[in-house]
Amino acid sequence: PPPPAAPPPPPPSASPSPPPLPPSDTWECSAGTRMSLTQDASTGDTVIVVSCYVEGLQVGSLITLNGQAYKVAVIAVPSGRRRLTAALPITLETGLTGAVSSGDLVQAVRPPSPP
């Protein structure tokens, strides 16, 4: 006897399609949102993890954290191949001078504009 027919594949609408990739600017802080830590870090750590990147943040930028200024060595800007969801690391040129806690505000120090 012929083998039983395979069940028909479900219509495409039955399986949820993966959500579209977010636009590339989802890692930037939206207007009015401040950059804050999402993970604790200890004295001497050189990597902090923030909720979003403020506009204009780049390698060489100065940021302040708990009143201390640090220079940004590396930021992980997402590429199309690598999606960064919750963790946006910033690598600092120097280690933290004190422990910091999740929720602490990180501020970018805008370079003085040329005269």
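The coordinates are above.
Notes on the structure follow. What you see is a predicted model, and the numbers here were worked out from it, not measured in a lab. Residue positions are given per chain, counted from 1 along the sequence in the order it is written. With pLDDT at 70 or above as the cut-off, local features in this predicted model cover only qualifying residues; side-chain atom pairs require 80 or more to be listed or tallied, and sums for whole chains, interfaces and linings still use all residues. The side-chain quantities take in all heavy atoms of the structure and omit both hydrogens and water.

## Focus on the sheet that holds strand E1 (residues 47-50)
Consider a sheet: its strands pair through backbone hydrogen bonds, and that pairing is either parallel or antiparallel. Strand order in the open sheet formed by 5 strands is E1-E4-E3-E2-E5, and the pairing between neighbours is antiparallel. Every interior strand has two partners, whereas the edge strands, E1 and strand E5 (106-109), have only one. Taking the axes of each pair of neighbouring strands and ignoring which way they run, one obtains an average angle of 45° across the sheet. The rule for pairing is simple: two strands pair if DSSP sees at least two bridges between them. By the criteria applied, helices consist of DSSP H or I runs no shorter than four residues and strands consist of E runs no shorter than two, each listed in order from the N terminus. Of the strand pairs in this sheet, strand E2 (residues 62-65) and E5 are connected by 4 bridges, and their pairing is antiparallel. Each residue of the ladder has a partner; that of Leu65, found in E5, is Val106. Between the N-to-C directions of two axes lies an angle of 0 to 180 degrees, each axis being a line fitted to C-alpha atoms and, for a helix, fitted only over the stretch in contact.

## Considerations on the pairing of strand E4 (residues 88-92)
Only one face of E4 is buried, namely the one carrying Leu88, Ile90 and Leu92, since none of Pro89 and Thr91 on the opposite face is buried. Here E1 runs beside E4; their pairing, made up of 4 bridges, is antiparallel. Residue pairing in the sheet places Val47 in a bridge with Thr91 of E4. Taken together, the 3 bridges between strand E3 (residues 68-75) and E4 define a ladder with antiparallel strand orientation. In the strand pairing of E4, Val74 is matched with Thr91. Burial status follows relative accessibility: with a 1.4 Å probe on protein chains alone, a residue under 20% of its type maximum counts as buried, one over 50% as exposed, and anything between as partly exposed.

## Notes on the nonpolar core
Among the nonpolar cores identified, the biggest contains 23 residues, and Met35, Ile48, Val50, Tyr53, Leu57, Ile63 and Ile90 are the most heavily contacted of them. Among the elements of the structure, E1, E2, E3 and E4 are those that each provide at least two residues to this core. Nonpolar cores were defined as sets of buried Ala, Val, Leu, Ile, Met, Phe, Trp, Tyr and Cys residues, with membership established by side-chain atoms within 4.5 Å.

## Some points on the state of the cysteines
When the sulfur atoms of two cysteines share a covalent bond, that bond is a disulfide. Count a disulfide wherever a pair of cysteine sulfur atoms falls within 2.5 Å. Under the criterion given, the structure shown has 1 disulfide. Here Cys29 connects covalently by a disulfide to Cys52, the sulfurs 2.0 Å from one another. Between Cys29 and Cys52, the S-S dihedral sits near 95°, and the bridge is therefore right-handed. With a gap of 23 residues between them, Cys29 in the segment before E1 and Cys52 in the loop between E1 and E2 connect regions that are remote in the sequence. Across the pair, Cys52 and Cys29 agree in class, each one buried.

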